[in-house]
Amino acid sequence: MNYPAPLLLIVGPLVAAGVTLFLRRWPRAVVLVGIVMAWWLGLWVAAVPRDAGAGGMFAGDTWSVLGRAFVLTDGVQALFQFIYAGLGLLFLGAWVLPQGAYFVSAGLAAFSLLAAALMVQPMTFGILFLLAAVA
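Residues numbered from 1 in each chain as written. Predicted model: local features only at pLDDT ≥ 70, side-chain atom pairs only at ≥ 80, totals over all residues. Heavy atoms only, no water.

A closer look at helix H4 (residues 103-119)
Between its terminal C-alpha atoms H4 stretches 25 Å, which fits the 24 Å expected from 17 residues at 1.5 Å a residue. Close packing links the buried residues of H4 with helix H1 (5-22), helix H2 (27-47), strand S2 (68-71), helix H3 (74-96), strand S3 (120-121) and helix H5 (126-134). (Helix = DSSP H or I, 4+ residues; strand = E, 2+ residues; numbered from the N terminus. Expected span 1.5 Å × (residues − 1). Contact = heavy atoms within 4.5 Å.)

A short note on the packing of aromatic side chains
The final tally for this structure, using the stated rule, is 3 aromatic pairs. Where Phe 80 meets Tyr 84, the ring centres are 5.8 Å apart and the plane angle is 50 degrees; that geometry is what we call tilted. One end of the pair, Phe 80, and the other, Tyr 84, are both in helix H3, 4 residues apart, so they sit about a helical turn from each other. Residue Tyr 84 is classed as buried on the basis of its relative accessible area, which comes to 0%. (Phe/Tyr/Trp six-rings, centres within 6.5 Å; stacked < 30°, edge-to-face > 60°. Buried < 20%, exposed > 50% of the residue type's maximum accessible area, 1.4 Å probe, protein only.)

Some details on the nonpolar core
Leu 9, Phe 80, Tyr 84, Leu 87, Phe 91, Leu 108 and Met 119 are the most contacted members of the largest nonpolar core, which totals 30 residues. Among the secondary structure elements, those contributing two or more residues to this core are H1, H2, H3 and H4. The biggest single contributor to this core is H2, with 7 residues. With near-sequence residues (within four places) excluded, Leu 108 lies in contact with Pro 13, Ala 16, Ala 17, Thr 20, Leu 87 and Phe 91. (Core = buried A, V, L, I, M, F, W, Y, C linked by side-chain atoms within 4.5 Å.)

Notes on a nonpolar patch on the surface
Together, Leu 32, Val 36, Trp 39, Trp 40, Leu 89, Leu 92, Trp 95, Val 96 and Leu 97 line one region of the surface with nonpolar side chains, adding up to about 890 Å² of accessible area. Summarising the element assignment, Leu 32 is placed in helix H2. Leu 32 gets classed as partly exposed once you look at its relative accessible area, which sits at 45%. (Patch = residues over 30% accessible without salt bridge, like charges linked within 9 Å, V, L, I, M, F, W, Y side chains within 5 Å. Areas by Shrake-Rupley, 256 points an atom, 1.4 Å probe, with all protein chains shown as cover. Salt bridge = Lys/Arg side-chain N within 4 Å of Asp/Glu carboxyl O.)

Some details on the packing of H4 against H5
A pair of packed helices can be characterised by two numbers: the angle between their axes and the separation between those axes. The contact between H4 and H5 brings their axes to 8 Å, and the two run at 165 degrees. With respect to H5, the element H4 is oriented roughly antiparallel. Here the hand of the crossing between H4 and H5 comes out left-handed. Across the interface between the two elements, Ala 110, Leu 113, Leu 114, Ala 116 and Ala 117 from H4 touch Gly 126, Phe 129, Leu 130, Ala 132 and Ala 133 from H5. Classifying every residue of the contact of H4 with H5 gives 9 nonpolar, 1 polar and no charged. (Axes fitted to C-alpha atoms, helices over the stretch in contact; angles between N-to-C directions. Parallel < 35°, antiparallel > 145°, perpendicular 65-115°, else oblique. Left-handed = near helix turned anticlockwise from the far one by under 90°. Nonpolar A, V, L, I, M, F, W, Y, C, P; charged D, E, K, R; others polar.)

Re the side chain of Ser 112
By the secondary structure assignment, Ser 112 is in helix H4. The class of Ser 112 is buried, set by a relative accessible area of 2%. At 2.4 Å, the side chain of Ser 112 and the backbone oxygen of Ile 10 are in polar contact. Ignoring any residue separated from it by four or fewer positions in sequence, one finds Ser 112 in contact with Leu 9, Ile 10, Pro 13 and Leu 14. (Polar contact = N/O pair within 3.5 Å; in protein donor to acceptor, adjacent residues only side chain to side chain.)

A closer look at the packing of H1 against H2
Where H1 meets H2, the axes come as close as 10 Å, and the angle between the chain directions of the two elements is 165 degrees. Compared by their axis directions, H1 and H2 come out roughly antiparallel. The crossing of H1 and H2 is right-handed. Residues Leu 8, Leu 9, Gly 12, Pro 13, Ala 16, Val 19 and Thr 20 of H1 pack against Val 30, Val 33, Gly 34, Met 37, Leu 41, Trp 44 and Val 45 of H2.

Now the structure itself:
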């Protein structure tokens, strides 16, 4: 079964945030899971084929929800490879200087909303996701 690639960028960080939220008692484990999940998502985004007929779990560049299309372009795909690598480094810094129980979970959840803001068509609806990420 194939799922659209934008689903990976929106739901993937939310699942990772849920896992880290569940582990919040153990701060080192949360940071370690956050680092692994951020880098794993970055590698997975790099390997996602945007052709809907390609094999794999995530393939295709468009996902329609309630009449709005989320479109994964080359630029967004490259941007999120870079962002997930940087997010992993940010979490690595949280290993050295602890930031609190919800830092990793909130970071992953915010990146899910930022991904939605970058991919939604028309871009005017991206403002809603951007405001939700800021909140």
